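The chain contents come next:
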Amino acid sequence: MFKRNKTVCDHPQLKQRSVIGRFTVVSTVLVLFSIAFVGLFIAGVHGDIGVFEWVREVAVLRAVYRFIYELRALPLLIIGLPFLGSVAMLWFGRNSCNGRDSIVIAMTSLTILLTVFTYPHALEGGFAYSIPGVFGLGLSFNVDMLGFTMLMVTSVIWFLVMVYAHEYMKKEFNCNRFFFFMGITYGAVLGTIVAGDLLTLFLFFEIMTFASYILVIHGQKEDSYHAGYSYIFMGIIGGFAILVAMLLLYFTVGDLAFDSAIAALSQHGSARYWIIGLLIFGFGIKAGMAPVHVWLPRAHPVAPTPASALLSGIMIKLGAYGILRIAVSYYFPPVGTDGGDALWLTSQTIGSAVIWIGIVTMAIGVFLALQQANIKRMLAYHSISQMGYIVMGIGVAMYLGHIGAMGYAGAIYHIINHALFKSLLFMVAGVVFYHTGESDMYKLGGLWRKLPLTATVCLIASLGIAGIPLFNGFISKTILHHGIVEAYQYGHPTFFYAELIFIVISAGTVASFIKLFYYVFLRKMPARYRRITPEYNNLDTAMAMMALIIVYIGLNPRFVLDTFIIPQFDTLAYSADFVQTYVVGLTFFTAADLWLMLGIVVFGFIIFIGGKRWHLFHLKLPYWMSVEYFVFYPMNWIIKNACRLMYGDECKYNDETITKLRLKDNKDIGFLDRFKIMATVFNTRFEKRIIRSDAFIYTVFVTGVLLMMLVMRLV
Amino acid sequence: MNDIIVKTVARILIPFIQLYGIFIMLHGHVSPGGGFAGGAMIGTSFVLYTLVFGIDKSKKKFSERVSEYAESGGILLYIALGLIGIIMAGSFLTNIDAGFPKGTPGSMFSGGMIPLLMIGIGIKVASTFITLFHTLIEEEEA
Amino acid sequence: MIAQLPIVSMVMLLGMALIIPLFKRRNFSVTTSLGFVVLLAVWVLTLLVLWHVRVEGPMTYRFGNYEAFLGIELYIDLFAVLFVFFILSLIMVIYVYSTGDATEGVAEKEYGRYYILLFILLFAMLGIIYTNDLFNTYVFMEILSITTVSIISIKRKKENYTASFRYVMLNEIGSLSYLFGVALLYMVTGYTNIGLVAESIGQHWTAYPANATTAIGFMVVGVGIKSAVFPFHVWLPDAHSTAPSSSSAILSAIVVKVYILIMIKVLFRVFGLSVLDVIPVSTLLIAVAATGMIMGSMFAMAQTDIKRMLGYSSVAQVGYIVMGIGLISVLGLQAALFHVVSHALMKAALFLSVGAIIYKKKIRKVSEFNGMGFEMPVAMVVFTIAALGMIGVPMTTGFISKLNLGLAALDGGQAVLVFVLIVSGFLNALYYLPIIINAFLKDNPSQIRVMRVEKIPKTMLGPLVVLGALIVYFGLFPGVLIRVLEAVAASLL
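Just so it is clear, the model here is predicted, and its values are computed rather than measured. All residue numbers refer to position in the chain's written sequence, counted from 1. Both sets of labels track the order of writing: A upward for chains, 1 upward for ligands. Given that this is a predicted model, residues contribute local features only at a pLDDT of at least 70 and side-chain atom pairs are listed and counted only at 80 or more, while totals for whole chains, interfaces and linings are drawn from all residues.

### Quick notes on the interface of chain C and chain B
Residues are scored as being in contact if the C-beta atoms we place from backbone atoms lie within 7 Å. Contacts between the two partners involve 13 residues from chain C and, on the opposite side, 16 residues from chain B. The dominant element in the side of chain C that touches chain B, judged by the number of residues it contributes, is helix H1 (residues 5-19) of chain C, at 6 residues. Residues belonging to the side of chain C that touches chain B are distributed by class as follows: 8 nonpolar, 4 polar and 1 charged. Each helix is a run of H or I in the DSSP string that is no shorter than four residues. Each strand is a run of E no shorter than two, and both are numbered from the N terminus. Basically, the charged four are Asp, Glu, Lys and Arg, the nonpolar ten are Ala, Val, Leu, Ile, Met, Phe, Trp, Tyr, Cys and Pro, and anything else, Gly included, counts as polar.

Written out as structure tokens, the structure reads:
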């Protein structure tokens, strides 16, 4: 055993003097204050309460408010604050755990406050700020309502997870490094959201990928490194895909700002399909879209819980946000265009493909989630599945063109909801691990007695993700359901099958969470957990607050709809009548929806009970069905036979190395390791030969060159 | 070599070889030869001295220090002549326009600075020749 | 007076090389400080010339006031001075590094010789870039070959000898190919001066197409061998890996680029667009470059010695530059020139940081880099920055090069090249990232866990930090450099 980086608070004997520690009290107060501030500010802007009149009375507050309102560089300040905070944290947190965490929590809280100040500007249509000259083309920032929504979600959830992380990280090592890179990732995430053109978005996207790698690899064990390699190489591939798309876009359109570019793009033939294809591929890797979702189930379980919560809660949403941004900015006609305009065609073609990708992702996610035993792995697969919902929503938004507002609203609402309940679920998994040290759900049980608050919160989150009425998931799933129904009503009838699959997947989700709750919290408790003593600390504050937000949204769905979603339609090209009739006039809790939900719940129970009885939850796919196998094996076969062809029996193409490549268990040796082994084999075979035959190469080449040039000249 | 005949003959011959070498060097612009050939000849004379009298005596005559100065000095002379061109006439290595005497074609003191350049080159080539030979001989003996 | 400065700077460098043996009896630091003073003086003079050329335009300088067809001519335009300035700056950084006792295995009494060779090398490089005469280029090329061979083999080990022998043989083949091309051109035009040859070729080449074609072929292949374009790169891994670290840095970052500059001069100044449109040099260059980009990285992935890996990485990067040249457009040439600058910075940073690691820890194998980040943080951080630049992460110059090369490729209608560029970037990531990850995130054998700045001489740390800062600075603010290079590219075409 070697020494790990321990800070003072990692001392295992440190006990809290009272039942509720002072840090926890301060954190609770700060949480309540931040949420209240947000609520009051938003209400104030809408003029519901006379808050702003009161503010204007007090001179100091008025001056502060005016200053921040006028500050043009506000987006930059919002991004810069986490970066500065992480550096400050390194300095102050060297010796004290509490000192470091107070800075982190204060920094994230302050970011919420600054973010909410952009609300008035965003309502007016955007808050643009640019820095020319840097980076060749200059950076530009723009906070419109879509950006504001994402910012709000990100900052609130990040803040709550940081409150949670204070307590959770007491049982982990290397906390300073963790919080430092968490801060950098936070800055990069905010940067991606406020980016005003594709280059800025790409810059912050790459920073986010590299910074979050350190978070994934935090445990520094064997599987952490494997997961990390998966994560970062797929992140780099995604980044490169976006880079190529950016180059193509710059080359065809000439300007990377998020304005409508479809008119210019339509003139370039197939370039627009390449661009959107590459962008969906690139952002889809980040979003956990099938078939490039393979990094997600590896990375989430190995990362520490706060990092998993944020990865699942926020960072994969950035993939969906990217696709949404590209679609509605570049590929939609300018605001005010007529519904019948031919410019909508591109969007519609691509939209149908995206809907099906979403459906496939949903299905894969839920099916594999039911097979998992590890709680966090199961939640990771559910993330994939729920991202499938969101991608499907985006697909509907694109497919229906002028009347796609329902899909758009559903996607955004589900982004908000999923961020909330998925982070909460990861936090619950983390608490269970914190107290019991166990992450396999089959080995747990009966924890509701020892951890009552956690059990309640888990129940709320599960009801949320399952889509039960009175909780937030119901709202977004209903909207998405309306969206997919419209798809086959106004579009192609095959989407009826998409709707059927949608319903089945929802049932599967319900079943899966019944399974989770049953195995972890109900049942009989194994003996070794009898000694857990519950105590109230930061973990519970954060979880409770998040559960309260979920319940609030569930009971009061119009709040999110009116505050965040409806204003976005002002800057979009959707038909205003459609928005008014269907989206603004949306009634929740209709009889049809409630009956549908009841049917889904019953179906879910059936799946769960049936699965338990017939052991359907332990299927393992054969190794030849993995994605890597399809890509890698043909290459291997080609090289082997080429070598045999050239050298006959002398080909020492090392079969021993190759048998290593046929391992059934994907975990032992990753795809990229195999590729490297192939390169090594190739190298040992050919390198020395090439070096020794230098003169030969020269002769051949010069002769070839001359022949080629003379022939091509004289022809 | 310890033979008295060889030593005596060498002692007589070497100055004449060197004289001939200098003649070739200085007449580089009117007849075949020039710096390289002349320098090679002067070098050859020293090689002869080494072969006849032994490496130790030869090293006393032409020590490493002398060779350093000779090699550097040769090229520095060349560069200096070029720089004179810059100062006097505005271009590196200018010949007549920099004021070097033109003289009558065909005689030794003609062609401006070329004989001077040849001297520089000759010294350097001779020195290189001798150093190389000394290095080879030493390696063989070691 | 300004017109004299280029030749005066060359002469100063040569003079410094000649004076060094005279200081043999004194303390060696006298030599190194004097060398630095001379370098600084030459740098300042070049800055003056740069400013002058920027304002007034190109100038021609004739040796001995002889006419162009009789004598040697130096043509000093923005292209030449800019690159001389850049080379001198980089050499100053590497020079400071090399005085820090990091010549890695070179014996004490050889130090003086090392610096003599360095100065003569500089003299030759300036000569190549400034000169406007094809045969003079050959002469300087030969001087450059000999000196580079010597700075490789100055470490008296068996592997150095074989590596430098192979290097010298292949370089001679390259030089002779080039000379053959020059001879063919002389045969057709009767001149060796670039300006006169260009005029003549433009008018008469259709009468002698075979001559011009053969000449281009041999010259491009010859210079290609010397600049390690893909099938001819075989000398590079051995040479760059066995040489002392500062030599590797100079070789990989600067010398290889000088030969590429010769290729640019030959293709664009001597032959010009009218010839190049007809003779399919462009296809050849692009094909070779694309193969090189992929194969260089493929070979690099399998290496166990880190300097060999960096050598193969150079082969891949030279492929990028040649691809930019092969596109034969202003955008392509500008991207290629920017990559010349950016790769020089990055490769120098890589070799120097690896050199520091070898100096302190005597570790050369890639697999032994675990935990290196804690023992030598500055070197590893600079290595990380440079490696991320090679991969193409934003905020480094490598990213800007990729952007520019991609745009140039699209502009030239070769969308496939963008794909090759991306694949090559990804392959780069495959072998650089594991090193960085192992260095910072794995535990090293001595289990040191606190990062402390390493105890190597300050003259070694300083250059590393400077190079790292420059890579990031030009990554964030490339505007000035890009504009200047665009002007240069336009002037060449």
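Structure's up, so let's keep going.
### Concerning the nonpolar core
Each nonpolar core reported here comprises buried Ala, Val, Leu, Ile, Met, Phe, Trp, Tyr and Cys residues connected via C-beta atoms within 7 Å. Residues with at least 20 other C-beta atoms within 10 Å of their own are called buried, those with 12 or fewer are called exposed, and the rest are partly exposed. The C-beta atoms themselves are positioned from the backbone. With 439 residues, the main nonpolar core has Leu 160, Ile 394, Leu 424, Val 428 and Ala 461 of chain A together with Ala 348 and Ala 349 of chain C as its most contacted residues. The greatest single-element share of this core, amounting to 21 residues, is contributed by helix H17 (residues 405-436) of chain A. Where each domain starts and ends follows an automatic or database-derived domain assignment. The residue makeup of this core includes at least three contributed by each of domain 1 (18-613) and domain 2 (623-690) of chain A. Beyond its immediate chain neighbours, meaning those up to four positions away, Leu 160 of chain A contacts Val 31, Ala 542, Met 545 and Met 546 of chain A.

### Points about the packing of helix H5 (residues 134-153) of chain C against helix H6 (residues 158-189) of chain C
Residue and element names in this part refer to chain C. Interaxial angles span 0 to 180 degrees and are taken between N-to-C directions of axes, which are lines fitted to C-alpha atoms, for helices over the stretch in contact. Close contact between H5 and H6 brings their axes to 9 Å; oriented N to C, the two are set at 175°. With respect to H6, the axis of H5 lies roughly antiparallel. Across from Leu 134, Phe 135, Tyr 138, Met 141, Glu 142, Ser 145, Val 149, Ile 152 and Ser 153 in H5, the residues of H6 making contact are Asn 160, Tyr 161, Ala 163, Ser 164, Tyr 167, Val 168, Asn 171, Ser 175, Tyr 178, Leu 179, Val 182 and Leu 185. Residues belonging to the contact of H5 with H6 are distributed by class as follows: 14 nonpolar, 6 polar and 1 charged. Here roughly perpendicular refers to angles of 65 to 115 degrees, roughly parallel to angles under 35, roughly antiparallel to angles over 145, and oblique to all remaining angles.

### Quick look at the pairing of strand E2 (residues 73-76) of chain C
All names here are of chain C. Of the two faces of E2, both are covered, the one formed by Glu 73 and Tyr 75 as well as the one formed by Leu 74 and Ile 76. The sheet contact formed by strand E1 (residues 59-62) and E2 spans 4 bridges and is antiparallel. When the sheet's bridge partners are listed, Met 59 is paired in E2 with Ile 76. Pairs of strands are assigned from DSSP output, requiring at least two bridges between the strands.

### Here we look at the interface of chain A and chain C
Taken together, the 43 residues of chain A in the interface contact 44 residues of chain C. Residue assignment for the side of chain A that touches chain C shows that the elements contributing at least two residues are helix H9 (198-216), helix H10 (222-253), helix H27 (671-692) and helix H28 (694-714) of chain A. Top contributing element to the side of chain A that touches chain C by residue count: H28 of chain A, with 11 residues. For the side of chain A that touches chain C, the class distribution of residues is 31 nonpolar, 6 polar and 6 charged.

### Concerning the arrangement of the chains
By contact count, the dominant pairing among the 2 pairs of chains in contact is that of chains A and C. These two, chain A and chain B, are apart from each other, with no contact and a minimum C-alpha gap of 31 Å.

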